Amino acid sequence: MYAPSAESKAQQTKLSRLTEKKEYEKGEKWSFDLSTFKRDMGNSKHWLIFVDWATRCQKSYFLKNKSDLRKKGLIFVREMEQKYQVKINFFRCNNAGEN
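Residues numbered from 1 in each chain as written. Predicted model: local features only at pLDDT ≥ 70, side-chain atom pairs only at ≥ 80, totals over all residues. Heavy atoms only, no water.

Student: Is there a simple way to explain the nonpolar core in this structure?
Tutor: Generally speaking, nonpolar side chains in soluble globular proteins are found buried as a group. Trp30, Phe32, Leu34, Leu48, Phe50, Tyr61, Leu63, Leu69, Phe76, Met80, Val86 and Ile88 together form the largest nonpolar core, which totals twelve residues. Contributing elements (two or more residues each) for this core: strand S1 (29-41), strand S2 (44-52), strand S3 (58-63) and helix H2 (69-84). Ignoring sequence-local partners within four residues, the contact set of Val86 consists of Lys26, Gly27, Met80 and Glu81. (Core = buried A, V, L, I, M, F, W, Y, C linked by side-chain atoms within 4.5 Å. Buried < 20%, exposed > 50% of the residue type's maximum accessible area, 1.4 Å probe, protein only. Helix = DSSP H or I, 4+ residues; strand = E, 2+ residues; numbered from the N terminus. Contact = heavy atoms within 4.5 Å.)

What follows is the structure, encoded as structure tokens:
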């Protein structure tokens, strides 16, 4: 006699084909990434870029060491708050080790 297994009874969960797209305000959510040059560009070996999700506005910094990421990140946040009156609520980064 054949007894159906739990595997044959399992069904894939139904998912909506539409994704919910949240609109972000200017400056609310930023992505950042750090890239390394193969050779020195002056005194800098690393490039840090911030990108606003709403406007695609970009801000770049060139770093001598990866450890300067925190310092430049804080400078960026303070500049956005003081100079442009923008409060950043979210930062998004990739899962790389330098973050």
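Having put the structure on the table, let's press on.
Student: Help me understand H2, please; the structure alone is not making it clear to me.
Tutor: Note that an α-helix has 3.6 residues per turn; residues three or four places apart therefore point the same way. End to end, H2 covers 21 Å across 16 residues, agreeing with the expected 22 Å (1.5 Å per residue, within 8%). Residues of H2 that are buried include every one of Leu69, Gly73, Phe76, Glu79 and Met80, and no others. In an axial view of H2, the angular spread of the buried residues amounts to 125°, which keeps them on one side of the axis. Turned more than 90 degrees away from the buried face of H2, the exposed residues are Arg70, Lys71 and Gln82. Gln85, located one to two residues past H2, shows a positive phi value of around 55°. (Expected span 1.5 Å × (residues − 1). Arc of directions from axis to C-beta.)

Student: Would you explain the packing of aromatic side chains in this entry?
Tutor: To describe a pair of aromatic rings, one takes the distance between the centres and the angle between the planes. One pass over the structure, following the stated rule, counts ten aromatic pairs. Plain terms: the ring middles of Phe32 and Phe91 are 5.8 Å apart, the flat faces sit at 85° to each other, and that makes the pair edge-to-face. Here Phe91 lies in strand S4 (residues 90-93) and Phe32 lies in strand S1, a separation of 59 residues in the sequence. The exposure class of Phe91 is partly exposed, given its relative accessible area of 38%. Note on Phe50 and Tyr61: the rings are 6.2 Å apart at their centroids and 90° apart in plane angle, and the pair reads as edge-to-face. (Phe/Tyr/Trp six-rings, centres within 6.5 Å; stacked < 30°, edge-to-face > 60°.)

Student: I keep staring at the pairing of S3 and nothing clicks. Help me out?
Tutor: Every regular strand shows the same layout, with side chains that alternate between the two sheet faces. Direction of pairing for S2 relative to S3: antiparallel, over a ladder of six bridges. By the bridge assignment for S3, His46 is matched with Leu63. Connecting S2 to the next strand, S3, in antiparallel fashion are five residues, including Arg56 with a positive phi near 65°. (Pairing = 2+ DSSP bridges.)

Student: Is there a simple way to explain the layout of surface pockets in this structure?
Tutor: Space left empty within the atom packing is revealed by a probe, the size of a water molecule, rolled over the atoms. One number sums up the size of the largest pocket: a volume of about 180 Å³. Around the largest pocket, the lining comprises 13 residues; the ones closest to its centre are Trp30, Cys57, Met80, Tyr84 and Val86. Elements that contribute at least two residues to the lining of the largest pocket include exactly S3 and H2. Looking at which element gives the most residues to the lining of the largest pocket, the answer is H2, with four residues. Here the residues of the lining of the largest pocket are counted per class, giving six nonpolar, three polar and four charged. (1 Å grid on protein atoms, 1.4 Å probe; cavity = no way out; pocket = protein on both sides within 12 Å on 5 of 7 lines; lining within 4 Å. Points joined across faces, edges and corners; volume = space filled by probe spheres on them. Nonpolar A, V, L, I, M, F, W, Y, C, P; charged D, E, K, R; others polar.)

Student: Mind showing me how you'd approach unusual backbone geometry here?
Tutor: Both trends apply: most residues other than glycine have a negative phi, and most peptide bonds are in trans. With a phi close to 65°, Arg56 is a non-glycine residue in the positive phi region. Locating Arg56 in the fold gives a position in the loop between S2 and S3. Residue Arg56 is classed as exposed on the basis of its relative accessible area, which comes to 53%. Phi is positive for Gln85, close to 55°, though the residue is something other than glycine. The residue Gln85 is located in the loop between H2 and S4 in this model. Overall, the relative accessible area of 62% leaves Gln85 in the exposed class.

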